[in-house]
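Residues per chain, in single letters:
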Amino acid sequence: MPELNRKPPTAVRRELRREVGFGCPVEGCGIPYLEYHHFDPEWHVEKHHRPEGMIALCSTHHAKADAWTIEQCRELKRNPHTAEVSGRFEWMRREVVAIIGGNYYHETPNMVVFRDHPIIWFERDDRGYLLLSIRMLSISGQPRTELTANDWEILGEPIEVDSPPNGSFLQVKYENGDEVGIRFKKWDSAEKLREVHPRILVLGDQIRFPLVTAEVHLAVGGTDIRFNSKNSELGGIQMQGNIMSRCGNGLVFG
């Protein structure tokens, strides 16, 4: 029988994140980049993934967690010190290709525009770095997660928030079907990029390696507006594989 992997299954990780309100439960912390601590029993005693004997913590408090007793860990699970959950993408480059709903945006500041207002866009800081912003759409009337110039804040009452310690990815889902996902990735060569996103190579000498991409998924619950990994779906129309380069606005709808 193969040895159990230390990384817990998806369902267990999701349960542990929800339990602490999607941020480190230690008082005054709230950091959203979570790892998973085995305390009852500890991993070296028994390799297991039983949620009742585990707790989600940031990497700093995970490294210190052996100082806590089993009862202290249980108390932290019962009464987490929930705080505002927020973070920042540290990916700052002067060139980033955005991948949104199966379409590609290069040197196009307003990638997706709804009713004359950008909902996914880049802006440059005073050093020329591109910073990503997203305004989630929703028919719920409730607050939704915001990304402003690479800084993000979780608003409303999500049912899922996932942001691993390396800070390259964020996914947020709400009960009504609203969701957003952002993933930054570095590609060291055209050969690697060709395996996954060959259409970007149409840009030829306009892009340089290593190249960073920012892939965005977005869905508006209760509507037919969805930007998934394969295409953009709007009112029964599907778009994919388009390249928009050096345009003021990319996809405009509404």
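For the structure itself, look to the data block above.
Attention here is on the structure that accompanies the text. (Residues numbered from 1 in each chain as written. Predicted model: local features only at pLDDT ≥ 70, side-chain atom pairs only at ≥ 80, totals over all residues. Heavy atoms only, no water.)

1. Topic: the overall build of the protein chain
Summing up its helical and strand segments, the protein chain has four helices and 19 strands in all. Relative to the compact-globule value of 18 Å for 254 residues, the protein chain shows a C-alpha radius of gyration of 20 Å, a close match. In terms of its C-alpha atoms, the protein chain occupies a principal-axis envelope of roughly 60 × 45 × 40 Å. Accessible surface computed for the protein chain: about 13,100 Å², of which carbon and sulfur atoms make up 47%. Put simply, the protein chain has 31 plus and 36 minus side-chain charges, and the middle of one group is 5 Å from the middle of the other. (Helix = DSSP H or I, 4+ residues; strand = E, 2+ residues; numbered from the N terminus. Rg over C-alpha atoms; globule rule 2.2 N^0.38 Å. Areas by Shrake-Rupley, 256 points an atom, 1.4 Å probe, with all protein chains shown as cover. Lys, Arg positive; Asp, Glu negative; His and termini not counted. Charge placed at Lys NZ, Arg CZ, Asp CG, Glu CD.)

2. Focus: the packing of aromatic side chains
On inspection of all chains with the given rule, the structure shows five aromatic pairs. Relative to Trp152, the ring of Tyr33 has its centre 6.3 Å away and its plane inclined at 90°; by these criteria the two rings are edge-to-face. Linking Tyr33 in the loop between helix H1 (10-19) and strand E1 (34-38) with Trp152 in strand E10 (residues 151-153), this pair joins segments that are 119 residues apart in sequence. Like Trp152, Tyr33 is buried. (Phe/Tyr/Trp six-rings, centres within 6.5 Å; stacked < 30°, edge-to-face > 60°. Buried < 20%, exposed > 50% of the residue type's maximum accessible area, 1.4 Å probe, protein only.)

3. A short note on unusual backbone geometry
In this structure, Pro41 follows Asp40 across a cis peptide bond, with omega equal to -5°. Inspection of the secondary structure assignment puts Pro41 in the loop between E1 and strand E2 (54-58). Each neighbour pair has its own omega, and for Phe209 with Pro210 the value is 0°, a cis peptide bond. Considering the arrangement of structural elements, one finds Pro210 in the loop between helix H4 (190-196) and strand E14 (211-219).

4. Some points on the sheet that holds strand E19 (residues 249-253)
Pairing in this open sheet of seven strands is mixed, and the strands run E3-E10-E9-E8-E7-E6-E19 from one edge to the other. Edge positions in the sheet fall to strand E3 (86-88) and E19, since each has one partner strand and no second. Adjacent strand axes in the sheet meet at a mean angle of 20°, parallel and antiparallel pairs treated alike. By the bridge criterion, four bridges tie strand E6 (residues 110-114) to E19 in an arrangement that is parallel. Across the sheet, the residue bridging to Phe114 is Phe253, located in E19. (Pairing = 2+ DSSP bridges. Axes fitted to C-alpha atoms, helices over the stretch in contact; angles between N-to-C directions.)

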